[in-house]
Amino acid sequence: MTDQTAESDQLQAMYEALPYPARDPEDERKRLVRTGLDFLPKISHYCHGGRWQPDQPWRALVAGGGTGDSLIFLAEQLRGSPAELVYLDFSKTSLDIARRRAEIRGLENISFLQASILEIDKLDLAPFDYINCSGVLHHLPDPLAGLVKLKQLLTPTGALGLMVYARYGRTAVYQVQDLMRLLAGTADQATKIALTRKMLDALPDSNWFKRSPDLHTDHLQHGDAGLADLFLNPIDRAYSIPELYAWLAEAELHLIEFADHKLAYDPALYVTDPTLLRAIQQKQKVEQQAIAELISGAIIKHTFYAAAQPRPPARLDNQTVPVAAFELNLPRLVQTISQAARGASVPIEKPGARINLPVNPISVGFFKYLDQGKTVADLAAILQQSPGLRAASAAWVKDQVLALCELLARAEFIYYRNGR
Ligand SMILES: C[S@@+](CC[C@H](N)C(=O)[O-])C[C@H]1O[C@@H](n2cnc3c(N)ncnc32)[C@H](O)[C@@H]1O
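Rules of the game
All chains use their own residue numbering, which begins from 1 and follows the written sequence. The model is predicted, so local features are restricted to residues of pLDDT at least 70 and side-chain atom pairs to those at 80 or more, both for listing and for counting; the totals for chains, interfaces and linings are taken over all residues. To get the side-chain values, take all heavy atoms of the structure and skip hydrogens and water. We count a stretch as a helix when DSSP gives it H or I for four or more residues in a row; a strand needs E for two or more, and each element gets its number in order from the N terminus. Partly exposed residues are those whose accessible area sits between 20% and 50% of the maximum for their type, while under 20% is buried and over 50% is exposed, using a 1.4 Å probe and protein chains only. Between two residues, a contact is recorded if the distance between any of their heavy atoms is within 4.5 Å. Residue burial considers only the protein chains on display, and all accessible areas are found by Shrake-Rupley using a 1.4 Å probe. His is not counted, nor are the chain ends, whereas Lys and Arg count as positive and Asp and Glu as negative. Note on charges: their place is set at NZ of Lys, CZ of Arg, CG of Asp or CD of Glu. Here the nonpolar core consists of buried residues drawn from Ala, Val, Leu, Ile, Met, Phe, Trp, Tyr and Cys, with membership extended through side-chain atoms lying within 4.5 Å. Bear in mind that the domain bounds are from an automatic or database domain assignment. For two strands to count as paired, DSSP must find a minimum of two bridges between them. Axis lines are fitted to C-alpha atoms, over the contacting stretch for helices. Their N-to-C directions set the angle, which ranges from 0 to 180 degrees.

### Things to note about the overall build of the protein chain
Reasoning step 1: Scanning the protein chain from terminus to terminus reveals 17 helices and 11 strands.
Reasoning step 2: Along the three orthogonal principal directions, the C-alpha set of the protein chain runs to about 75 × 50 × 40 Å.
Reasoning step 3: Across the 420 residues that make up the protein chain, the buried fraction comes to 53%.
Reasoning step 4: In the protein chain, 77% of the contacts between residues at least 6 apart in sequence involve partners at least 24 apart.
Reasoning step 5: Of the roughly 19200 Å² that the protein chain leaves accessible, carbon and sulfur atoms contribute 52%.
Reasoning step 6: Computed over 44 positive and 48 negative side-chain charges, the separation of the two mean positions in the protein chain equals 7 Å.

Here it is, written out as structure tokens:
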């Protein structure tokens, strides 16, 4: 047995014993877990120019689907559509949890496969329009081989939704992993888990992991499964921005856009000094992203869409329908801005993004009518009839709506839906 096969067997055994993330299928009766990569309007915005809609045939694969978060969110959104979903994982216990979650919800649009990504080319699967592979490839003995196999399963217009670990944000995690290898490398899993918990409690304030308590919470949120996934993973690698682009280039893939905390890759989020900012902005975009990653120190994963060909971003024009990000609580936001003084600003936020929204008749009306299927032109026409805007020209109102869309889309508070 090669070292790689032994590690891969250990990895499979770990996810059999500790399915990740820890989920109780019964919770499906109470709540829906929504995963950032898999919001359909967002996939359409970044990967299909905003033109794909769920009433069209579509095939999606969730590779290394774990206990089913992405799968269930996709399947819920695709309920009643002609789309087909395939779930694949080599952990039977994870698959059973994912399947039970789907059963409880009465979701019937999924096929379940217990298999390895490394064998996926032998399964004779039809090509996919979307492949989600989140938190998986960095655990393969050969992540590039896995990435290439997934890419080969895409339709010509298909895209990948990927998450891999980020190097610098996980610095402290790798120190604890090294520590636990030295301390308990040959112990059984239960002993390793017990010793890791004791060690975490014993860490002094000087320790790097102790210095960044806000960055890593898996061990707190997901019990033993979270702890093992974070600190005891037999195969675990991370990518800096240059490493990420080099890896994708080897697979002949293009990074379409970062999804989730996309603003964190812009140095302007951290740097305001004009001289410094000018020096940074003279660099290529990828270098700027690498600089942002180093400045931030808090990017712990890279979540992004990729495809064989670059994809133009969804366009914004009169016929674009803005769609709210699922993280926005629209009723609450409408109430807050309706009650705020005109001319003030209110913060709107979601994980990784925050903007100060100017309160004026445009923003108040925009959010009131958002997510009712209205185009930019429809919204501008409605807003122009509102008391504060009757004196304004139609062109001015429309420009204001377009500018607001741009502001909101940049921080991923809305996505664009365009005609087919
Ligand atoms: C950290 S979990 C992520 C689960 C899920 N993607 C999510 O984001 O919630 C990694 C999953 O990948 C699966 N996995 C790892 N290597 C695999 C392989 N070679 N083939 C199939 N599944 C694999 C594991 O069994 C585990 O369920």
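### Points about the nonpolar core
Reasoning step 1: Counting residues in each nonpolar core, the largest one holds 37 residues, and the members touching the most others are I337, F366, F367, V401, L408, F413 and I414.
Reasoning step 2: Among the secondary structure elements, those contributing two or more residues to this core are α14 (330-339), β9 (345-350), β10 (353-358), α15 (361-369), α16 (376-384), α17 (394-410) and β11 (414-417).
Reasoning step 3: Broken down by element, this core gets its largest block of residues, seven residues, from α17.
Reasoning step 4: Ignoring any residue separated from it by four or fewer positions in sequence, one finds I414 in contact with P322, V323, A324, A325, F366, L370, C405, L408 and A409.
Reasoning step 5: Listed in part, the 36 residues of the second largest apolar core include V86, I117, V164 and A251.

### Section: the domain arrangement of the protein chain
Reasoning step 1: Splitting the protein chain by domain gives domain 1 (3-165 + 238-261 + 299-307), domain 2 (169-231) and domain 3 (321-417).
Reasoning step 2: Between domain 2 and domain 3, the C-alpha centre-to-centre distance is 44 Å.

### Some points on the sheet that holds strand β2 (residues 84-89)
Reasoning step 1: A sheet is described by the order of its strands in space; here seven strands give the open sequence β3-β2-β1-β4-β5-β7-β6, paired in mixed fashion. The open sheet is flanked by β3 (110-114) and β6 (254-258), the only strands paired with a single partner. For this sheet the average axis-to-axis angle between neighbouring strands, irrespective of direction, equals 20 degrees.
Reasoning step 2: Where β2 and β3 come together, five bridges link them in parallel fashion. Looking at the pairing, D89 lines up with Q114 of β3.

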